[in-house]
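So you can see what is in the structure, the chains are spelled out below.
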Amino acid sequence: MTANDLFKVFTVSSYRNLHAVKLFHLELRLMPGVTVIDWTQFAPRLSMPLDDRRRKMDVGETCLISEFCEKACATADLVVYYGESGKDSAVLVGMAKAIGTPVLGIAGPLEEPGLMLHSAVAAWVPGPFEAIGRIKHMARCRLDGEADQDCRLCLAERVCTMAENFN
């Protein structure tokens, strides 16, 4: 299996959700055929003093993070919006939609996404466990090289790039 065969997932979220995103990524990394495009490597370490973390997040040191995220939207097979998140995440969702990368959304527990964000996301799920289930199914279809059922009956159909090939 080459890197091109892997199902690439990019999660967009707020730094406030860092712990949840890392746990989500941990689950994704356990799936055969899935690779995570991980922005959390650029996040300030939690061992850093709070004022330094805030300063680093507010100012940023380079354009490295934004360039990484922009490329990730283009190379991912799926972008996952993990809410509640801010403007930067909404911009990344918009980028993904504009270039044709499907977006799966997980709204935050107190979040009601606005019209633009709601419309840019191809499918919404109630939580990370449901997202993991759909990603697992898509990765399995990708690994097998074909859909294992009628794609119109699949819960992941709205965000699966393979569904276009089999309907």
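Trainee: Got a minute to help me understand the overall build of the protein chain in this structure?
Mentor: Counting secondary structure elements, the protein chain contains 7 helices and 5 strands. Put simply, the protein chain has 167 residues, and 44% of those count as buried. Sequence-distant contacts in the protein chain: of pairs separated by 6 or more residues, those separated by 24 or more amount to 61%.

Trainee: Is there a simple way to think about the packing of helix 1 (residues 18-29) against helix 6 (residues 128-144) in this case?
Mentor: The packing of two helices is summarised by the inter-axis angle and the distance between the axes. At their nearest, the axes of helix 1 and helix 6 sit 11 Å apart, and the two run at 25° to each other. In terms of orientation, helix 1 lies roughly parallel with respect to helix 6. The chirality of how helix 1 crosses helix 6 is right-handed. Here Phe24, Glu27 and Leu28 of helix 1 come into contact with helix 6, specifically with Pro128, Ala131, Ile132 and Ile135. A breakdown of the residues in the contact of helix 1 with helix 6 according to their chemical character gives 6 nonpolar, no polar and 1 charged.

Trainee: Quick question: what am I supposed to make of the nonpolar core here?
Mentor: As a rule of thumb, nonpolar side chains are buried together in soluble globular proteins. If you look at the biggest cluster of nonpolar residues, it comprises 41 residues, and the most contacted ones within it are Phe10, Phe24, Leu28 and Ile135. Sequence-distant contacts of Leu28, that is, excluding residues within four places in its chain, are made with Val9, Val34, Val36, Ile132 and Ile135.

Trainee: What exactly am I supposed to notice about helix 6 here?
Mentor: Owing to its 3.6 residues per turn, the α-helix brings residues three or four apart onto one side. For helix 6, with 17 residues, the first-to-last C-alpha span of 24 Å sits near the 24 Å given by 1.5 Å per residue. Within the sequence span of helix 6, burial applies to Ala131, Ile132, Arg134, Ile135, His137, Met138, Ala139 and Cys141. Those residues of helix 6 hidden inside the fold are in contact with strand 1 (7-13), helix 1, strand 2 (34-37), strand 3 (78-82), strand 4 (103-106) and strand 5 (123-125).

Trainee: Just checking my understanding: could you explain the side chain of Thr40 for this structure?
Mentor: Structurally, Thr40 is set in the loop between strand 2 and helix 2 (50-59). For Thr40, the side chain forms a polar contact with the side chain of Asp38, separated by 2.5 Å. Here Thr40 is in contact with Leu18, Val21, Lys22 and His25, once residues within four sequence places are set aside.

Trainee: Just checking my understanding: could you explain the sheet that holds strand 5 for this structure?
Mentor: Whether parallel or antiparallel, the strands of a sheet pair through hydrogen bonds between backbone atoms. Reading across the sheet, the 5 strands line up as 2-1-3-4-5 and stay open at both edges, with parallel pairing between neighbours. Both edges of this open sheet fall to strand 2 and strand 5, since each of them pairs with a single strand only. Ignoring which end each strand starts from, the neighbouring axes of this sheet average 25° apart. With 4 bridges connecting them, strand 1 and strand 2 associate as parallel partners. Paired with Lys8 across the bridge in strand 2 is Thr35.

Here is what the cut-offs are and how they apply
- Each chain has its residues counted from 1, running along the sequence as written.
- Where local features are concerned, this predicted model is filtered to residues with pLDDT of at least 70; where side-chain atom pairs are given and counted, the filter is 80 or more; whole-chain, interface and lining totals use all residues.
- To obtain the side-chain values, all non-hydrogen atoms of the structure were included, while hydrogens and water were left out.
- Each helix is a run of DSSP H or I of at least 4 residues and each strand a run of E of at least 2, with the numbering of both proceeding from the N terminus.
- Type-normalised accessible area, obtained with a 1.4 Å probe on protein chains alone, sets the label of each residue: buried when under 20%, exposed when over 50%, and partly exposed for intermediate values.
- The contact rule is simple, with two residues in contact once any of their heavy atoms fall within 4.5 Å.
- Inter-axis angles, ranging from 0 to 180 degrees, are taken between N-to-C directions of lines fitted to C-alpha atoms, where helices are fitted over the stretch in contact.
- Comment on the angle field: the value is read as roughly parallel under 35 degrees, roughly antiparallel over 145, roughly perpendicular from 65 to 115, and oblique elsewhere.
- With the far helix as reference, a near helix turned anticlockwise by less than a right angle produces a left-handed crossing, and one turned clockwise produces a right-handed crossing.
- Gly is placed with the polar residues, together with every amino acid not listed as nonpolar (Ala, Val, Leu, Ile, Met, Phe, Trp, Tyr, Cys and Pro) or charged (Asp, Glu, Lys and Arg).
- Working definition of a nonpolar core: buried Ala, Val, Leu, Ile, Met, Phe, Trp, Tyr and Cys residues. They are joined through side-chain atoms within 4.5 Å.
- Expected helix span is computed as 1.5 Å times (number of residues minus one).
- Pairs of N or O atoms are called polar contacts if they sit within 3.5 Å, as long as, within protein, a hydrogen donor faces a hydrogen acceptor (for residues adjacent in sequence, only side-chain-to-side-chain pairs).
- A pair of strands is treated as paired once DSSP finds two or more bridges between them.

It is worth stressing that arrangement in space is one thing and function is another; only the former is reported here.
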